[in-house]
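Summary of the model geometry
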Amino acid sequence: MAVQMQPRALFDKVWAPHVVTELSGGVSLLAIDRHLLHDLEAGAIMKRLADRGLRPRNPELTFGVPDHAVATDPRRRAEATPNSARLLREMKDGAAAVGITYFDLDTEGQGIVHVIGPELGLTQPGMTIVCADSHTCTHGALGALSFGIGATEVAHVLATQTLRQVKPKILRINLSGRIAPGVTAKDIILATIGQIGTGAGRGHAIEYAGETVRAMTINERLTVCNLSIELGAKIGMIAPDDTTFEYLAGRAYAPQGEMFDRALAYWRSLPTDDGARFDTEHNIDVGRIAPQISWGTSPQDVIAIDGRVPDPAKEADPQRRSAMEAALSYMGLAPGAAIEGTPIDWVFIGSCTNGRLSDIREAARVVAGRKVAPNVKAWVVPGSEATQRAAEREGLDKIFLSAGFEWRKSGCSMCAGVNGDTVPPGKRSVSTTNRNFVGRQGPNARTHLASPVTAAAAAIAGCITDARKVG
Amino acid sequence: MQKFISVTGVAAPLMKANIDTDVIIPVKRLIGYQRHELGAFALEALRFLPDGSENPEFVLNQPRYREAKILVTAENFGCGSSRESAVWALASFGFQCIIGPGFGDIFTNNAFQNGLLLIRLPATEVDSIAAELAGEPSPVMTVDLQDCTVTTPSGRQIAFEIDDERRQALLEGRDEIGMTLMRDAEIVAFQERDRAARPWIYDTTPRAVAAT
């Protein structure tokens with residue numbers, strides 16, 4: 001007699017076969033398929049592990065790359081940034097000592113860890129992937145179960161190739177409707193955060209589903225999943241489909257030949273079954289979404305580009321009202337004012353959110369044949385060395401350089417602000433990044449989150465502007 | 001990890017929602033400091049004014065809250081970056097327990113890895129504790145992990161829930177890596193089975209690819 005299987009969600013189909021054993025009290029010992037290390041703490045963690053007399057259990061499943069602290073200056077060297085010389089040396093030596101692959105500066109593997117993972121085919125459907133960075137949720141775009149961890153958990157993964165985790169609940173966000181012209185994946189996910197809030201996903205793994213998601217390219221899906229943590233969820237996933245499989249075929253670390261076919265059969269089994277139950281569901285009509293820009297100091301503080309700055313006086317909840325007042329004061333914005341026309345000082349195009357080739361292409365289309373406004377300093381920081389080289393083969397660097405942008409080397413740069421690339425105090429930046437927190441891009445820096453198209457248009461106009469009008 | 005049985009000490013109300021890990025410890029402090037030194041920079045953006053002097057308005061700078069061991073805070077504390085330094089900074093500042101309606105997921109895991117107890121209570125309960133602390137000249141509370149209760153300055157006892165595994169780990173000051181290493185035979189057996197089922201996961205030899 002055939003056993004009637006309960007319909008299951010993508011998340012459960014990936015979680016369940018990775019459970020090595022159930023521990024007491026709702027904690028599972030979860031097997032980890034891929035572990036990614038970046039430069040900020042990897043060297044120190046590897047040293048502490050060695051001091052304890054422990055070696056990585058499966059060094060072949062861990063990959064390291066410098067991104068956070070590296071200089072992005074076009075003439076960079078490892079020593080170019082204060083502290084980075086030591087961090088990079090410790091990481092490189094530590095990796096070499098235990099047999100962990102390290103993608104060094106100026107090689108095709110280097111870049112932001114969440115850009116190179118998919119690009120190299122290290123990220124695959126059905127995998128568990130972890131990294132000491134909260135934007136590890138990005139990899140879920142290919143159907144992986146991926147999440148950010150802390151330093152102690154990194155040591156745990158190195159030593160045991162497992163993690164002790166409490167299974168999250170599951171939340172589905174259904175995106176449907178026709179995307180309006182000039183609206184990008186970044187706008188869709190920012191608007192979603194604005195609608196359901198930065199706490200909506202806490203304690204949950206998110207699955208993005210619906211016709212809009214199915215029509216998205218992998219790069220667009222990566223942008224969507226990247227901001228899952230800004231919804232409070234450490235996991236964001238999209239069911240793999242032909243778009244995913246075509247993307248992966250032929251990549252350096254993707255399975256090949258007969259092994260690819262075997263993997264493919266498994267990958268095809270992963271999408272959520274009809275009738276699977278979710279703890280929470282949200283439906284978003286993308287047809288109603290306009291290009292977004294943030295006005296405050298939380299990613300949920302977003303408005304349409306042609307909208308007005310909200311007025312705290314109209315907010316009933318006193319705690320929310322005082323948070324809005326503090327945000328407006330920090331951002332130097334007046335309640336009720338149109339956001340368009342706000343003069344800016346900086347534009348940053350890059351990051352694990354929007355530093356991929358398609359992002360750079362979209363920005364280049366806006367910039368082509370135009371000049372950066374004289375009051376604006378504008379940077380493009382490609383998400384990876386491979387992205388940079390591909391963009392240069394298309395001549396995109398020349399478009400930006402002749403417009404007055406700086407064309408730099410790959411890294412987290414001004415998104416994390418840890419390598420010395422920061423927006424000066426009090427200056428206003430339109431950034432394609434993921435966090436507009438107080439001080440995120442530098443002490444007292446004012447960050448407006450937006451898409452690459454909106455950022456590029458702002459660089460040209462010298463103020464926040466509706467790219468749809470620039471044409 | 002240090003054991004956590006119970007703590008009695010000053011509790012400070014910091015009723016601001018969405019305090020992110022960049023606010024708890026700015027990224028520039030992540031390089032060049034030892035874990036135990038980070039307390040000096042905990043909540044730096046709130047504790048200090050731009051000129052580097054103390055912000056006298058900020059709760060932790062007020063005399064009766066200076067020695068706080070317990071933090072009572074609003075929704076979504078510890079959202080944002082995965083930096084464990086956020087937990088190290090709070091612990092090195094002197095906090096042993098944080099009470100709030102909800103915490104960032106990654107922050108939660110990091111806290112329990114370091115013996116920092118996070119207690120989730122309904123928002124209305126948290127608000128009433130905060131109000132009590134604000135009106136109390138000696139805002140001392142007790143948190144007892146053995147019987148899972150919080151006792152407010154007025155003597156009101158509130159029960160809280162916590163995952164049993166996490167509770168035991170804190171009570172015993174358990175080292176998770178050591179505990180998991182004892183399960184190596186299970187991990188070996190898992191990997192053997194999994195290697196047969198999903199061999200491509202374990203073959204990480206790259207192949208040369210033409211530039212894309």
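Residues numbered from 1 in each chain as written. Chains lettered and ligands numbered in written order. Predicted model: local features only at pLDDT ≥ 70, side-chain atom pairs only at ≥ 80, totals over all residues. Heavy atoms only, no water.

**A closer look at the domain arrangement of chain B**
- Domains assigned within chain B are domain 1 (6-172) and domain 2 (174-204).
- Inter-centroid distance (C-alpha atoms) of domain 1 of chain B to domain 2 of chain B is 35 Å. (Domains from an automatic or database assignment.)

**Looking at the packing of helix H13 (residues 357-367) of chain A against helix H16 (residues 452-461) of chain A**
All names here are of chain A.
- Between H13 and H16, the shortest axis-to-axis distance is 8 Å and the interhelical angle comes to 30 degrees. In terms of orientation, H13 and H16 fall into the roughly parallel class. The crossing of H13 and H16 is right-handed. In this structure, H13 contributes Asp359, Glu362, Ala363, Val366 and Val367 to the contact, and H16 contributes Pro452, Val453, Ala456, Ala457 and Ile460.
- Among the residues forming the contact of H13 with H16, the class breakdown is eight nonpolar, no polar and two charged. (Axes fitted to C-alpha atoms, helices over the stretch in contact; angles between N-to-C directions. Helix = DSSP H or I, 4+ residues; strand = E, 2+ residues; numbered from the N terminus. Parallel < 35°, antiparallel > 145°, perpendicular 65-115°, else oblique. Left-handed = near helix turned anticlockwise from the far one by under 90°. Contact = heavy atoms within 4.5 Å. Nonpolar A, V, L, I, M, F, W, Y, C, P; charged D, E, K, R; others polar.)

**Section: the packing of aromatic side chains**
All names here are of chain B.
- Scanning the model with the defined rule gives 14 aromatic pairs over all chains in all.
- With a centroid separation of 6.5 Å and 85 degrees between ring planes, the pair formed by Phe77 and Phe103 is classed as edge-to-face. A residue pair is termed long-range when its members are at least 10 positions apart, and Phe77 in the loop between strand S2 (70-73) and helix H3 (85-93) and Phe103 in the loop between strand S3 (97-100) and helix H4 (105-113) qualify at 26 residues. Phe103 shares its class with Phe77; the two are buried.
- Measuring from centroid to centroid gives 5.3 Å for Phe93 and Phe95, while their planes differ by 25 degrees, and the two rings are stacked. (Phe/Tyr/Trp six-rings, centres within 6.5 Å; stacked < 30°, edge-to-face > 60°. Buried < 20%, exposed > 50% of the residue type's maximum accessible area, 1.4 Å probe, protein only.)

**Considerations on the domain arrangement of chain A**
All names here are of chain A.
- Domain annotation for chain A reports domain 1 (13-166), domain 2 (169-240 + 273-288) and domain 3 (292-470).
- Here the C-alpha centre of domain 3 lies 22 Å away from the C-alpha centre of domain 2.
- Facing the 18 residues of domain 2 at the interface are 24 residues of domain 3.
- Overall, the association of domain 2 and domain 3 removes approximately 1,600 Å² of surface from exposure, summing both partners, and the carbon and sulfur fraction of that is 55%.
- Broken down residue by residue, the surface that domain 2 buries against domain 3 is led by Lys186, Leu190 and Glu230, which jointly contribute 32%.
- Summed over the shared surface of domain 2 and domain 3, the result is one salt bridge.
- A salt bridge links Arg435 to Glu230, with the shortest nitrogen-to-oxygen separation between them at 2.6 Å.
- For the interface between domain 2 and domain 3, the tally reads eleven residue pairs in polar contact (both at pLDDT 80 or more). (Buried area = accessible area lost by both parts, 1.4 Å probe. Salt bridge = Lys/Arg side-chain N within 4 Å of Asp/Glu carboxyl O. Polar contact = N/O pair within 3.5 Å; in protein donor to acceptor, adjacent residues only side chain to side chain.)

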